[in-house]
Amino acid sequence: MAMFDPHSGKLQQVREVVHFTPLQQDVLKFLALVLMVFDHANRALGLHEPVLLLLGRGAFPLFALLWGYNLASRPVRQAQATRLWVWAVVAQPGYWLVMRHDGLAFTDPNILFLFAAVTQALAVASLPMRKGAPNPVLAGGVLLALWWAYGATDGSYGTAGVLLLLASYGLCVSLPGYVTAVWPVRGLSIVAWPLLVLMLNAELGGTMMLAGLLLPALLILGTLPLATAFNQRRLLPRGFFLQTYVAHLLALGLAGVFLH
């Protein structure tokens, strides 16, 4: 498949580490949304069900991998980052309503801010650079992502979340080791991705750590038959995830207010 190589600035035919068909992407995205709703309902409604908590561990790693795959096929544009920033702001009131029972303040960022910050850094990294000259804006973008991660609360997974997004992008972007001088990105991403997924839930214990790693793997394996499906028409409209993210947070947040 032709993938964009940020090192050369060209499209290259490479063997992919990760590959999803359009139909697979939509099914996996929908399943990840279901897992996320389980997790947020558990918090917002005060259910405190261990099974729902366990299921929720699979949502973010799956979203991270799909996000990385979608960004890796072409240069990351500022419009993509801006879109995430806007939706992150829109989602914040609903996020606070859902998470306030866990002691989170209104200023504690929702997960879209994490996606937006890393996308912003990658968008800056895709800007044209003079050969041999560093891009000062690139350094600022990377620092923005890492600063936000450091200041973020548990709700957005902190530094481990940023590193997992970067590893997800590294798994998918065109950086084959036998072609470019930056080959370690691919190898490091392969090693780092499962380790970072385990780190995300380290505070919740071994069972939750394994759930975060095994659930996405099982869901991906379960959708493999879809890769050979004749009809690869997309199931979900553009923007479905962002709109559903905001809507479900508001619905669960308001339900939690009325029930408590």
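Residues numbered from 1 in each chain as written. Predicted model: local features only at pLDDT ≥ 70, side-chain atom pairs only at ≥ 80, totals over all residues. Heavy atoms only, no water.

**Details of the pattern of salt bridges**
Alright, step 1. Here the structure, examined in full by the defined rule, presents two salt bridges.
Alright, step 2. For the salt bridge of Arg43 with Asp39, the shortest nitrogen-to-oxygen distance reads 3.8 Å. Note that Arg43 and Asp39 are positioned in helix H1 (residues 22-44) at a spacing of four residues, about one turn of the helix.
Alright, step 3. Using a relative accessible area of 27% as the deciding quantity, one classes Arg43 as partly exposed.
Alright, step 4. Bridged by salt links that share partners, the residues Asp39, Arg43 and Arg57 form one connected network. (Salt bridge = Lys/Arg side-chain N within 4 Å of Asp/Glu carboxyl O. Helix = DSSP H or I, 4+ residues; strand = E, 2+ residues; numbered from the N terminus. Buried < 20%, exposed > 50% of the residue type's maximum accessible area, 1.4 Å probe, protein only.)

**Description of helix H4 (residues 78-99)**
Alright, step 1. Helix length check: H4 (22 residues) gives 30 Å between terminal C-alpha atoms against 32 Å at 1.5 Å per residue, within 8%.
Alright, step 2. By the largest-angle criterion, Gln92 marks the main kink of H4, which is about 40°, and a proline, Pro93, follows within four residues.
Alright, step 3. For H4, the set of buried residues is Ala81, Leu84, Ala88, Ala91, Gln92, Gly94, Tyr95, Leu97, Val98 and Met99. (Expected span 1.5 Å × (residues − 1). Bend = angle between axes of the 7 residues up to and from the residue.)

**A short note on the environment of Leu71**
Alright, step 1. The residue Leu71 is located in helix H3 (residues 59-72) in this model.
Alright, step 2. Overall, the relative accessible area of 6% leaves Leu71 in the buried class.
Alright, step 3. Residues Leu71 and Thr119, spaced 48 residues apart in sequence, show a C-alpha to C-alpha distance of 8.5 Å.
Alright, step 4. Filtering out sequence-adjacent residues up to four positions away, Leu71 remains in contact with Val76, Gln80, Thr119, Leu122 and Tyr169. (Contact = heavy atoms within 4.5 Å.)

**Comments concerning the environment of Val197**
Alright, step 1. Inspection of the secondary structure assignment puts Val197 in helix H8 (residues 184-200).
Alright, step 2. The exposure class assigned to Val197 is buried, which follows from its relative accessible area of 0%.
Alright, step 3. Sequence separation between Val197 and Phe60 is 137 residues, and the spatial gap between their C-alpha atoms is 9.0 Å.
Alright, step 4. The contacts of Val197, once residues within four sequence positions are left out, are Pro61, Leu164, Gly212 and Leu213.

Geometric values such as these leave the question of function open.
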